[in-house]
Amino acid sequence: MAERQTATRLSDDVLRKTNTEPHDAPETASTSPDLMRIYFTHGVGNTPLLTKEEEMRLGKTIFEARRNLAKMARRLRTTCPAFAKTLAGAIPKTHETWEFVDIKRFMARLAEYASTEKDARSVSLMRRMSAVFTLLRNARDKLILANLRLVTTPAKRYEGHGLAFLDLIQEGNIGLMK
């Protein structure tokens, strides 16, 4: 609790000094340590690292969920041919080619379609797909959050090559999420 209050005070101080939003704060010697402290005290530093077994379990969960979602999506071709026609090439041939962004987009379209669908069999399949997607998203989020602090080590190697340290961390975080 005290760390969060300290982090809040730090972010307020940084905002007062720069009179801008946090993402607009200039990278200077005086704000960089404060911003780094905020980065680590707002969740990244509080999240414990995963053990090898936990990482393996989460990886397997993500793999299985992607595989099951791909199978269910292909099954939609027979249970909901009208929906399958609207998606044309969005239903994957294999789960290996289905990226998380594509799955997320597919699930959003499926939710739109599900609100109009009346067939009990199709609705049941869509509910199961939604549950598997939630499992996939939670496992992926946990894996990403636990590994965010590890981005700083490679970012330190590239410090001074034209990008600010916080920009390097941001690029590393984006890469981790892909």
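Everything here concerns the structure above.
Below, the structure is looked at part by part. (Residues numbered from 1 in each chain as written. Predicted model: local features only at pLDDT ≥ 70, side-chain atom pairs only at ≥ 80, totals over all residues. Heavy atoms only, no water.)

### Structural notes on the overall build of the protein chain
In terms of regular secondary structure, the protein chain is built from 8 helices and 0 strands. For the protein chain, the α and β elements follow one another from N to C terminus as α-α-α-α-α-α-α-α. Across the 178 residues in the protein chain, those meeting the buried criterion constitute 34%. Accessible surface for the protein chain amounts to roughly 11300 Å². Of this, 56% is attributable to carbon and sulfur atoms. (Helix = DSSP H or I, 4+ residues; strand = E, 2+ residues; numbered from the N terminus. Buried < 20%, exposed > 50% of the residue type's maximum accessible area, 1.4 Å probe, protein only. Areas by Shrake-Rupley, 256 points an atom, 1.4 Å probe, with all protein chains shown as cover.)

### Focus: the packing of aromatic side chains
Counted under the stated rule, the structure contains 2 aromatic pairs. Ring centres of Trp98 and Phe106 lie 5.3 Å apart, and the angle between their planes is 70 degrees; on these two criteria the pair is classed as edge-to-face. Phe106 sits in the buried class, given a relative accessible area of 2%. Measuring from ring centre to ring centre gives 5.9 Å for Phe100 and Phe133, while their planes differ by 15 degrees; the resulting arrangement is stacked. Of this pair, Phe100 sits in helix α5 (residues 100–114) while Phe133 sits in helix α6 (residues 120–147), and the two are 33 residues apart along the sequence. (Phe/Tyr/Trp six-rings, centres within 6.5 Å; stacked < 30°, edge-to-face > 60°.)

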